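Now for the letters of each chain:
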Amino acid sequence: MKITIDSNSGFCFGVVYAIQMAEDELAESGKLYCLGDIVHNNMEVERLKKQGLEIIQHSDLENLHNCKVLIRAHGEPPSTYETAIKNNIHLIDASCPVVLKLQHRIREGYENSMEEDGQIVIYGLEGHAEVNGLKGQTNNNAIIVMNVEDLNKIDYNKPIKLYSQTTKSTKGFLRIVKEIEARLELAGNKDKIKFESNDTLCRQVSNREPQLIKFSKEHDVIIFVGGKKSSNGKILYEVCKSINPNSYFVSDPTELNSNWFVNVNTVGICGATSTPMWLMEVVEQEIGNLNLVTT
Ligand code: SF4
């Protein structure tokens, strides 16, 4: 049985940058707080915890003073920076440049939309760290939509500016755009009300879709390695599953099932932008160690 790891899988540059910043600081001081999981992958978080990383929540930040706190790639709302100044916390800002640029665009869009009594709509998951950071740019006034039902929250008599959380799917974003257009038409406002749709999906994620489609076709079985909390992991796994029904999601090697590999000739291992290469290599080794029947 031939096992291949997808060379295009593994950390995106935003995650590489955040982990590098954490490791540099840990090498120097041996202690660093991180606001939320540094990456949506438990195994990688555990590895960094052993080096001295301590994961804290926003409620903890209020009680911390005179220390260093890492902001992960997802970014943070302005309120986090305000708390840090108040508590003399030195922020090590590892917000991904793509997210920072999007925060800036939304802040500008919000300021402009206030002049025309418009609405900022973000296609994303309510409560997700990145979405909280984006919403914070609008004084928490942005409307968050995750699915077509959520579009009832929008007023179709007022201008709309739509943005997307960076890790959502292209297909999902286009569906939301079409549905907003249809509702504007239904309200008789298609030519009267301004609708601006901004495709702000991260190409590090969306470019992986066509690569994964190709990879999924080339193997009998696909093992997708990702954290249970990873947003892009879920999306990318669904891409694999839609192409190759013999696709399985695992968070760690203990979840492998030998029944998946019976009479199988080729196995492809791939992962999310938050999946470390070392973990895919461990999964590869574990599959090799399973007692398998092949033709
Ligand atoms: S997926 Fe894109 S936006 Fe998100 S951290 Fe990676 S590079 Fe940055």
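None of the values given here were measured: they were computed from a predicted structure. (Residues numbered from 1 in each chain as written. Predicted model: local features only at pLDDT ≥ 70, side-chain atom pairs only at ≥ 80, totals over all residues.)

K.L.:
How do you make sense of the site of the ligand when you look at a structure like this?
P.N.:
Around the ligand, the structure places 14 residues, and the nearest of them are Cys12, Gly14, Cys96, Val98 and Cys202. The element contributing the most residues to the shell around the ligand is helix H1 (residues 13–29), with 3 residues. Residue composition of the shell around the ligand, by class: 9 nonpolar, 5 polar and no charged. (Near = placed C-beta within 6 Å. Helix = DSSP H or I, 4+ residues; strand = E, 2+ residues; numbered from the N terminus. Nonpolar A, V, L, I, M, F, W, Y, C, P; charged D, E, K, R; others polar.)

K.L.:
Is there a simple way to explain the packing of helix H9 (residues 208–217) against helix H10 (residues 231–243) in this structure?
P.N.:
When two helices pack together, their arrangement is given by the angle between the helix axes and the distance between those axes. It is at 9 Å that the axes of H9 and H10 come closest, and there the two elements cross at 35°. Like other packed secondary-structure pairs, H9 and H10 cross with a definite hand, here right-handed. Counted together, Arg208, Glu209, Leu212, Ile213, Ser216 and Lys217 of H9 and Leu236, Val239, Cys240 and Ile243 of H10 form the full contact between these two elements. Its residues assigned to classes, the contact of H9 with H10 comprises 6 nonpolar, 1 polar and 3 charged. (Axes fitted to C-alpha atoms, helices over the stretch in contact; angles between N-to-C directions. Left-handed = near helix turned anticlockwise from the far one by under 90°. Contact = placed C-beta atoms within 7 Å.)

K.L.:
Looking at this structure, I do not really get the domain arrangement of the chain. What am I missing?
P.N.:
Many analyses report the size of an interface as the accessible area lost when the parts associate. Domain boundaries in the chain define domain 1 (2–10 + 205–289), domain 2 (13–96) and domain 3 (98–165 + 168–201). Distance between the C-alpha centres of domain 2 and domain 3: 29 Å. Tallying the contact residues gives 11 residues for domain 2 and 10 residues for domain 3. In the side of domain 2 that touches domain 3, the residues fall into 4 nonpolar, 6 polar and 1 charged. (Domains from an automatic or database assignment.)

K.L.:
Would you take a moment to explain the sheet that holds strand S12 (residues 266–271) for this structure?
P.N.:
By way of backbone hydrogen bonds, the strands of a sheet pair with one another, either parallel or antiparallel. A sheet is described by the order of its strands in space; here 4 strands give the open sequence S1-S12-S10-S11, paired in parallel fashion. Each of the sheet's edge strands pairs with one partner strand only, and the pair in question is strand S1 (2–5) and strand S11 (247–250). Here the average twist between neighbouring strands, direction ignored, is 20°. Here 4 bridges tie strand S10 (residues 221–225) to S11, and the two strands are oriented parallel to one another. Bridge pairing in S11 places Ile223 opposite Tyr248. Helix-sheet contacts for H9 involve S10, S11 and S12, and the interaxial angle to S12 is about 160°. (Pairing = 2+ DSSP bridges.)

K.L.:
I keep staring at the environment of Ser206 and nothing clicks. Help me out?
P.N.:
As for its position among the elements, Ser206 is in helix H8 (residues 203–206). Considering only alpha carbons, one finds Ser206 and Ala129, 77 residues apart in sequence, at a separation of 20 Å. Not counting residues up to four positions away in its chain, the partners in contact with Ser206 are Thr170 and Leu201.

K.L.:
What is the right way to look at the nonpolar core in this model?
P.N.:
Proteins that are soluble and globular tend to have nonpolar side chains buried together. Ala22, Ile38, Leu70 and Ile122 are the most contacted members of the largest nonpolar core, which totals 42 residues. Each of domain 2 (13–96) and domain 3 (98–165 + 168–201) gives at least three residues to this core. Ignoring sequence-local partners within four residues, the contact set of Leu70 consists of Met21, Ala22, Leu32, Tyr33, Cys34, Leu35, Ile38, Ile92 and Ala94. Listed in part, the 21 residues of the second largest apolar core include Phe215, Val267, Cys270 and Ala272. (Core = buried A, V, L, I, M, F, W, Y, C linked by C-beta atoms within 7 Å. Buried ≥ 20, exposed ≤ 12 C-beta atoms within 10 Å, placed from the backbone.)

K.L.:
Looking at this structure, how should I read the pairing of strand S8 (residues 160–164)?
P.N.:
Side-chain positions along a regular strand alternate between the two faces of the sheet. Burial analysis of S8 places 5 of its 5 residues in the buried class, the great majority of the element. Going residue by residue along S8, you find Ile160, Leu162 and Ser164 tucked away on one face and Lys161 and Tyr163 tucked away on the opposite face as well. Where strand S6 (residues 119–123) meets S8, 5 bridges bridge the pair, whose relative direction is parallel. In the strand pairing of S8, Ile120 is matched with Lys161. Relative to strand S9 (residues 195–197), S8 is paired through 3 bridges, and the arrangement is parallel. Within the sheet, the bridge partner assigned to Lys161 lies in S9 and is Glu196. Chirality of the crossover, the property in question, places the unit of S8, helix H7 (residues 170–186) and S9 among those that are right-handed. (Right-handed = clockwise from strand over helix to strand, strands pointing away.)

K.L.:
Just to check I follow, could you spell out unusual backbone geometry for this structure?
P.N.:
Positioned with a positive phi, Asp117 is a non-glycine residue whose angle comes to about 55°. The topology assignment puts Asp117 in the loop between helix H5 (97–115) and S6. At Asn263, a residue that is not glycine, the phi angle is positive and equals roughly 55°. Using a count of 10 C-beta atoms within 10 Å as the deciding quantity, one classes Asn263 as exposed.

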